[in-house]
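# Close look at the chain arrangement
Spelled out from the first residue to the last, the chains are:
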Amino acid sequence: MRRSVPPLAAVAAAYAVLQLCYAVAHMDLGWDESVYLSQVDPRAPAAYFSAPRSRGISFLAAPVVALTPSTTALRVTLALLSAAALYGAFAVWRPLLGRGRTPLAAALFAGLWITVLSGPEVMPNLWIALAAVAATGFFLRARGGADGRSADGRTLAGLAATLAAAALLRAPDAVWLALPLLATCATVRAWRRPRVVAAVLGGLVAGGAQWAVEAYVRFGGIAQRLADSSDTEGGMGAHLGAGLTAARRSLNGPQLCRPCRIANPSVTHSLWWLLLPVLVAAACALALRRDPRAGRDARAAVLLPVACALSLAAPYLLLLDYSAPRFLLPAYALLALPVADLAARTPAAFRAGPRRWAVAAALCAVLAAHFSVQLKELRVNTADARDTAVRYRRAAEGLRRLGLSAPCTVTGPRAQPVAYAAGCASAQTMGNNRSTTEAALARTARRMPMAVLYDPADAYLPPYARTWRPHELPGTDWIAYVP
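Overview of the structure. Since the model is a prediction, treat every value here as computed from it, not as a measurement. (Residues numbered from 1 in each chain as written. Predicted model: local features only at pLDDT ≥ 70, side-chain atom pairs only at ≥ 80, totals over all residues. Heavy atoms only, no water.)

We now examine the overall build of the protein chain. Scanning the protein chain from N- to C-terminus turns up 19 helices and five strands. Over its C-alpha atoms the protein chain spans a radius of gyration of 24 Å, differing by no more than 12% from the 23 Å that the globule rule assigns to 483 residues. With the principal axes as the frame, the protein chain shows a C-alpha extent of 80 × 50 × 50 Å. Put simply, the protein chain has 483 residues, and 52% of those count as buried. Long-range contacts, defined here as pairs at least 24 residues apart, represent 69% of the contacts in the protein chain between residues at least 6 apart. Approximately 21,700 Å² of the protein chain is accessible, and the part contributed by carbon and sulfur atoms is 62%. Distance between charge centroids for the protein chain: 9 Å, based on 49 positive and 25 negative side chains. (Helix = DSSP H or I, 4+ residues; strand = E, 2+ residues; numbered from the N terminus. Rg over C-alpha atoms; globule rule 2.2 N^0.38 Å. Buried < 20%, exposed > 50% of the residue type's maximum accessible area, 1.4 Å probe, protein only. Contact = heavy atoms within 4.5 Å. Areas by Shrake-Rupley, 256 points an atom, 1.4 Å probe, with all protein chains shown as cover. Lys, Arg positive; Asp, Glu negative; His and termini not counted. Charge placed at Lys NZ, Arg CZ, Asp CG, Glu CD.)

Below you can see the structure in the form of structure tokens.
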């Protein structure tokens with residue numbers, strides 16, 4: 001007898017296919033990706049690694065980068081790994097939500113354009129989202145049985161491992177994720193168990209150790225690294241209206257909205273985002289109405305993901321004055337769980353018959369319309385990302401035609417991605433990636449090949465390069481000044 005494909009596996013497979021069809025082909029490396037890859041690429045100098053970054057995504061990509069310089073091979077590998085991680089993260093929830101709601105939640109998250117585009121990218125946000133889903137599920141399962149028995153060692157190990165992964169990928173986000181978990185341990189007797197607390201804290205310590213050591217080695221301590229991170233982010237503080245407005249405006253791109261002065265997206269392409277708080281509130285209200293004795297686990301399976309999602313979204317919505325669609329991926333992944341639960345329960349609220357089938361059909365139609373909008377945005381943003389990255393590659397090819405070869409240095413706007421593509425080191429004298437001085441660069445130009453990227457829109461050329469020869473870089477709007 002032929003066995004059917006499990007629904008969650010089908011969702012993961014469809015997610016992989018979407019990435020391979022839309023987000024992998026002909027997509028060169030972006031700015032942040034070049035920074036993360038340069039840390040582990042044996043063929044290129046390491047770019048400046050600023051205080052807010054963590055090295056987990058570099059470690060994830062390191063084995064592929066060590067074997068091949070092929071961007072396509074890297075993209076395909078990450079696409080397959082992210083699909084497998086999607087399956088693994090949401091599979092943790094099958095005992096909690098059931099075999100029907102779990103694949104629906106995975107599909108709601110995987111169907112977002114930013115989720116598909118992030119799968120093959122060397123960026124940490126998607127992986128933090130999947131780690132957060134798994135960690136929250138393991139935490140709920142760590143309560144043990146209703147008879148008071150403690151959770152098995154594998155569940156506690158999964159909780160610690162997924163929190164460690166989140167901390168390695170981005171240490172501050174892991175702390176925001178852990179806060180609701182620790183608050184639950186402190187306030188809810190069922191989770192007030194030393195082994196659960198130890199798993200949460202142990203995972204944070206294990207994953208955050210590298211970040212903390214680097215904080216002392218490179219930045220002068222944890223407090224100073226956090227202060228430097230705040231400066232790099234433009235001064236983290238009470239940006240209540242600005243952060244939320246920027247998140248709304250950047251919902252459908254660009255991938256980084258800083259400063260975020262674009263218009264709001266159309267209502268038809270942002271309706272799901274505007275309705276998301278309403279759907280989550282309805283899911284929470286429905287969960288709270290359940291009998292606390294009969295539905296304690298069911299209530300927690302709705303309320304805790306919402307608490308963790310709000311905690312993870314808070315710094316991006318309340319403390320920053322700019323945004324990027326990828327910032328809220330962890331919140332979207334966690335909120336997909338209660339929304340899926342609500343969607344599955346809505347038809348069941350009607351008596352069996354035509355009305356129930358009509359409600360189910362209406363929900364399917366709404367979901368299909370939502371996915372069609374996301375597919376359109378995926379195409380647009382993939383093209384934008386490709387066009388931007390192609391300019392970096394063309395600039396690097398132009399520099400090579402001018403005679404730049406390793407060892408060499410590139411400075412100026414967009415120096416980091418262009419330098420990585422050209423096999424050169426990058427250096428900046430201003431901005432978030434400031435790592436040297438103009439005097440030091442002038443000395444560097446006397447001992448190795450060097451180029452200054454000049455963007456006429458910036459209208460600044462360093463004094464030491466004003467006597468150098470300008471060369472237009474074909475396929476870009478930039479000019480390269482070389483001695």
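Bringing the packing of helix α16 (residues 329-348) against helix α17 (residues 354-401) into the picture now. Relative orientation of the contacting elements α16 and α17 amounts to 155 degrees, with a least axis distance of 8 Å. With respect to each other, α16 and α17 are oriented roughly antiparallel. Within the contact between the two elements, α16 uses A343, T346, P347 and A348 and α17 uses R356, V359, A360 and L363. Residue composition of the contact of α16 with α17, by class: six nonpolar, one polar and one charged. (Axes fitted to C-alpha atoms, helices over the stretch in contact; angles between N-to-C directions. Parallel < 35°, antiparallel > 145°, perpendicular 65-115°, else oblique. Nonpolar A, V, L, I, M, F, W, Y, C, P; charged D, E, K, R; others polar.)

Here we come to the sheet that holds strand β5 (residues 479-482). Strands sit in the order β2-β1-β3-β5-β4 across an open sheet of five strands; the sheet is mixed. Two strands lie at the open edges of the sheet, namely β2 (425-427) and β4 (469-472), each paired on one side alone. Each strand of the sheet is rotated relative to its neighbour by a mean of 30 degrees, with strand direction disregarded. Where β4 meets β5, four bridges bridge the pair, whose relative direction is antiparallel. Bridge assignment links E472 to a residue of β5, and that residue is I479. (Pairing = 2+ DSSP bridges.)

Evaluated as defined, the whole model comprises nine aromatic pairs. An angle of 35 degrees between the planes, with centres 6.5 Å apart, marks the rings of F90 and F109 as tilted. Here the residue F90 occupies a position in helix α4 (residues 71-91), and F109 occupies one in helix α6 (residues 101-110), the gap between them amounting to 19 residues. An identical accessibility class is assigned to F90 and F109; each is buried. Aromatic ring contacts, followed pair by pair, group Y316, Y322 and F327 into a single cluster. Taking the ring centre of Y36 as reference, the NZ or CZ of R53 above it sits at 5.1 Å. The ring centre of Y322 lies 4.2 Å from the NZ or CZ of R258, which sits over that ring. (Phe/Tyr/Trp six-rings, centres within 6.5 Å; stacked < 30°, edge-to-face > 60°. Lys NZ or Arg CZ within 6 Å of the ring centre and 35° of its normal.)

So, on to the state of the cysteines. Inspection of the entire model under this criterion finds two disulfides. Across a sulfur-sulfur distance of 2.0 Å, C257 and C260 are joined as a disulfide pair. Taking the sign of the S-S torsion, about 90 degrees here, the bridge from C257 to C260 comes out right-handed. What makes C257 buried here is its relative accessible area of 1%. (Disulfide = S-S within 2.5 Å.)

Right, let's talk about the pattern of salt bridges for a bit. Applying the stated criterion across every chain, the model contains 15 salt bridges. Across the pair R170 and E233 runs a salt bridge, and its minimum N-O distance is 3.7 Å. On the criterion of sequence distance, the pair formed by R170 in the loop between α9 (153-169) and α10 (171-187) and E233 in the loop between α12 (222-232) and α13 (240-249) is long-range, its members being 63 residues apart. In this structure, R170 and E233 share a single accessibility class: buried. Residues participating in the shared-partner salt-bridge network are R55, E214, R218 and R225. (Salt bridge = Lys/Arg side-chain N within 4 Å of Asp/Glu carboxyl O.)

When we look at burial in helix α19 (residues 438-445), the residues that qualify are A440, L441, A442, T444 and A445. Those residues of α19 hidden inside the fold are in contact with β1 (409-411), β2 and β3 (450-454).

Once that is clear, we can look at the nonpolar core. Counting residues in each nonpolar core, the largest one holds 108 residues, and the members touching the most others are F90, F109, F139, L159 and Y332. Excluding anything up to four places from it in sequence, F90 contacts L8, T102, A105, A106, F109, L130, V133, A333 and L337. A415, C424, L453 and V482 belong to the second largest nonpolar core, which has 18 residues in total. (Core = buried A, V, L, I, M, F, W, Y, C linked by side-chain atoms within 4.5 Å.)

For A183, the position within the fold is in helix α10. Residue classification places A183 among the partly exposed residues on the basis of a relative accessible area of 40%. Taking C-alpha positions, A183 is 29 Å from R99, a pair spaced 84 residues apart along the chain.

What follows is about the environment of A285. Locating A285 in the fold gives a position in helix α14 (residues 267-288). Considered as a pair, A285 and V302 are 17 residues apart in the sequence and their alpha carbons are 9.8 Å apart.

Turning next to the environment of V339. When you line up the elements, V339 lands in helix α16. Aside from chain neighbours lying at most four places away, what touches V339 is L108, L276, L279 and V280.

Any functional reading would require information that these geometric values do not contain.
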